[in-house]
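Understanding the architecture of this molecule
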Amino acid sequence: MDFEHRVKAGQAVYTPRSLRVYDAFVLGFSNRWLWRCPARELEAMYARNVSGHHLDIGVGTGYFLDQAAWPVANPDILLADLNPHSLAAAAGRISRYNPRILIANILEPLAISERFGSVGLCYLLHCLPGQMAEKAVVFDHLLPVLSPRGKVFGATIVQGDAPRSKPAQALMSYYNQKGIFSNTHDTAQGLDSELRKRFANVRVQLRGSVAIFEAQAREPQNG
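Residues numbered from 1 in each chain as written. Predicted model: local features only at pLDDT ≥ 70, side-chain atom pairs only at ≥ 80, totals over all residues. Heavy atoms only, no water.

Here we take up the packing of helix 2 (residues 16-34) against helix 5 (residues 84-93). For the pair helix 2 and helix 5, the least separation of the axes is 10 Å and the interaxial angle reads 50°. Considered as vectors, helix 2 and helix 5 are oriented oblique to each other. In terms of crossing hand, the pair formed by helix 2 and helix 5 is right-handed. Between helix 2 and helix 5, the residues in contact are Pro-16, Leu-19 and Asp-23 and His-85, Ser-86, Ala-89 and Arg-93, respectively. Considering only residue class, the contact of helix 2 with helix 5 consists of 3 nonpolar, 2 polar and 2 charged. (Axes fitted to C-alpha atoms, helices over the stretch in contact; angles between N-to-C directions. Helix = DSSP H or I, 4+ residues; strand = E, 2+ residues; numbered from the N terminus. Parallel < 35°, antiparallel > 145°, perpendicular 65-115°, else oblique. Left-handed = near helix turned anticlockwise from the far one by under 90°. Contact = heavy atoms within 4.5 Å. Nonpolar A, V, L, I, M, F, W, Y, C, P; charged D, E, K, R; others polar.)

This is the structure:
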């Protein structure tokens, strides 16, 4: 499978039909019983990091945006995804905030000129093709759109020394075979290393098979 097809395969599973069961199966069953990272851990991650001017990439169903405790009454939210079904589902779910939408491939530079106080990438990286050093181009594309000391955060399912039960490993292997996941060589240590090359105040924590990461844009250098 060539690179372009691997990119498409990672997001093609998100159809209107699959999105209807996503919250129950992925955020409920899989998170708790397979990946061993209950959704409340990711809700807390959003609560710690969202700002009033937020960019969310790889939006899923918009569950965490819907649950988030926003620091302002009317946050300015831009949803970016390659999959129009996910964008429609997430935008509808948080329609009370009048989010904007952008069809975008985060492996390419983002065609936006504004800067955001926060950028969320929840359950995106494990769907992208390549090893972590190749996926990290995503972080390069975020640097121009982050405000000074703006926060980048998210979660990704990893392997390496992350604990995995036999059922979890079996499902992960199946997803990799199908191209839904591309995380065979992804590790929390590799993620941490790539983040530290680009950001400040990096924090990567393993919760079961999930690496939860948080970092900040570096202060601009004078002169």
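With respect to the helices and strands, Lys-135 occurs in helix 6 (residues 132-135). For Lys-135, a relative accessible area of 0% gives the class buried. Not counting residues up to four positions away in its chain, the partners in contact with Lys-135 are Leu-125, His-126, Leu-128, Pro-129, Gly-130, Ser-182, Asn-183 and Asp-186. (Buried < 20%, exposed > 50% of the residue type's maximum accessible area, 1.4 Å probe, protein only.)

Burial of strand 2 (residues 76-81) is extensive: 5 of the 6 residues sit out of reach of the surface. Note that strand 1 (residues 53-57) and strand 2 share 5 bridges and pair parallel. For His-54, the partnering residue across the bridge sits in strand 2 and is Ile-77. Direction of pairing for strand 2 relative to strand 3 (residues 100-103): parallel, over a ladder of 4 bridges. When the bridges of strand 3 are listed, Asp-81 appears paired with Ile-103. Read as a crossover between parallel neighbours, the route from strand 2 over helix 5 to strand 3 is right-handed. (Pairing = 2+ DSSP bridges. Right-handed = clockwise from strand over helix to strand, strands pointing away.)

So, about the packing of helix 2 against helix 8 (residues 166-178). Packing of helix 2 against helix 8 leaves a shortest axis separation of 10 Å and a crossing angle of 130°. The orientation of helix 2 with respect to helix 8, classified from their angle, is oblique. Listed contacts from helix 8 to Phe-25, Ser-30 and Leu-34 of helix 2 are Pro-167, Ala-168, Leu-171 and Tyr-175. The class makeup of the residues in the contact of helix 2 with helix 8 is 6 nonpolar, 1 polar and no charged.

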